[in-house]
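As a plain string of letters, each chain reads:
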Amino acid sequence: MAKIKVQDTEVTVTSINGEDYICLTDMIRAKDGDFFVTDWLRNRNTLEFIGIWEKVYNPSFNYGEFATIKSQAGLNRF
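Residues numbered from 1 in each chain as written. Predicted model: local features only at pLDDT ≥ 70, side-chain atom pairs only at ≥ 80, totals over all residues. Heavy atoms only, no water.

Take the pairing of strand S3 (residues 19-22) next. Successive side chains on a regular strand alternate, one facing one side of the sheet and the next facing the other. Bridging between strand S2 (residues 9-16) and S3 involves four bridges; their strand directions are antiparallel. Note that in S3 the partner of Ser15 across the bridge is Asp20. (Pairing = 2+ DSSP bridges. Helix = DSSP H or I, 4+ residues; strand = E, 2+ residues; numbered from the N terminus.)

Okay, the packing of aromatic side chains next. Applying the stated criterion to the full structure yields three aromatic pairs. Relative to Phe66, the ring of Phe61 lies with its centre 5.4 Å away and its plane at 55°, an arrangement referred to as tilted. Classification of Phe61 as buried rests on a relative accessible area of 14%. Through a chain of ring-to-ring contacts, three or more aromatic side chains come together here, namely Phe61, Tyr63 and Phe66. (Phe/Tyr/Trp six-rings, centres within 6.5 Å; stacked < 30°, edge-to-face > 60°. Buried < 20%, exposed > 50% of the residue type's maximum accessible area, 1.4 Å probe, protein only.)

Our next topic: a nonpolar patch on the surface. Taken together, the side chains of Ile4, Val6, Ile16, Tyr21, Ile22, Leu24, Met27, Phe49, Ile52, Trp53, Val56 and Tyr57 present a nonpolar region at the surface, about 1,100 Å² in accessible area. Listing elements by their share of the nonpolar patch, those giving two or more residues are strand S1 (2-6), S3, helix H1 (24-32) and helix H3 (44-57). Counting residues per element, the nonpolar patch draws most heavily on H3, at five residues. Note on placement: Met27 falls in helix H1. (Patch = residues over 30% accessible without salt bridge, like charges linked within 9 Å, V, L, I, M, F, W, Y side chains within 5 Å. Areas by Shrake-Rupley, 256 points an atom, 1.4 Å probe, with all protein chains shown as cover. Salt bridge = Lys/Arg side-chain N within 4 Å of Asp/Glu carboxyl O.)

In structure tokens form, the structure reads like this:
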């Protein structure tokens with residue numbers, strides 16, 4: 001893993017099969033700390049994005065479990 005500096009924030013870059021992936025968590029944590037990360041992960045739009053990405057790139061993706069998680073997004077108890 002490598003690190004790049006973006007506006008004084010270190011962001012992890014992982015290379016897999018010649019493709020580079022940046023760590024969104026590092027970027028978000030720099031904005032508002034860990035609280036913002038948990039808030040971001042509760043967001044329905046974020047979960048939709050993660051679900052689409054997983055369907056495309058993860059052959060072992062658990063569709064059933066994801067549907068359960070997605071149905072809870074946006075609720076106060078989530």
